[in-house]
Amino acid sequence: MEAKTKKTDKKFDAIKTMREIRDKISLEIMNMTYEQERAYLDKLLEQGQTKSK
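Attention here is on the structure that accompanies the text.

Thresholds, definitions, all that
- Residues numbered from 1 in each chain as written.
- Predicted model: local features only at pLDDT ≥ 70, side-chain atom pairs only at ≥ 80, totals over all residues.
- Heavy atoms only, no water.
- Helix = DSSP H or I, 4+ residues; strand = E, 2+ residues; numbered from the N terminus.
- Rg over C-alpha atoms; globule rule 2.2 N^0.38 Å.
- Buried < 20%, exposed > 50% of the residue type's maximum accessible area, 1.4 Å probe, protein only.
- Lys, Arg positive; Asp, Glu negative; His and termini not counted.
- Charge placed at Lys NZ, Arg CZ, Asp CG, Glu CD.
- Salt bridge = Lys/Arg side-chain N within 4 Å of Asp/Glu carboxyl O.

1. Quick word on the overall build of the chain
- When helices and strands are counted, the chain shows two helices and zero strands.
- For the chain, the C-alpha radius of gyration of 18 Å lies well beyond 10 Å, the compact-globule estimate for 53 residues.
- If one aligns the C-alpha atoms of the chain with their principal axes, the spans along those axes are about 60 × 30 × 15 Å.
- Counting over 53 residues, the chain shows a buried share of 4%.
- The positive charge centre, built from 13 side chains, and the negative charge centre, built from 10, are 8 Å apart in the chain.

Written out as structure tokens, the structure reads:
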């Protein structure tokens, strides 16, 4: 007996989006010191919190 699977078209692929964001951030912080990375990530978090308010 074969298992039937239904293929659906995704409108939004969360895994693909997460990987794209992670890759972008990795490229941006690649040559930064720890302190520079912390400042960069803190800035991103602050921007994200500002957008959600």
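Let us keep going from here.
2. As for the environment of Lys 43
- By secondary structure assignment, the location of Lys 43 is in helix 2 (residues 34-52).
- Exposure remark for Lys 43: the relative accessible area of 53% places this residue in the exposed category.
- Sequence separation between Lys 43 and Lys 6 is 37 residues; the distance between their C-alpha atoms is 42 Å.

3. A closer look at the environment of Ser 26
- For Ser 26, the location among the structural elements is in helix 1 (residues 14-29).
- Put simply, Ser 26 and Asp 9 are 17 residues apart on the chain and 29 Å apart in space, counted from C-alpha to C-alpha.

4. Let's talk about the pattern of salt bridges
- The final tally for this structure, using the stated rule, is three salt bridges.
- Taking the shortest distance from any N to any O, the salt bridge between Arg 38 and Asp 42 comes out at 3.0 Å. Of the two residues, Arg 38 and Asp 42 both sit in helix 2, four residues apart, roughly one turn of that helix.
- Relative accessible area serves as the criterion here: at 38%, Arg 38 is assigned to the partly exposed category.

Take it as geometry only, folks, not as evidence of what the structure does.
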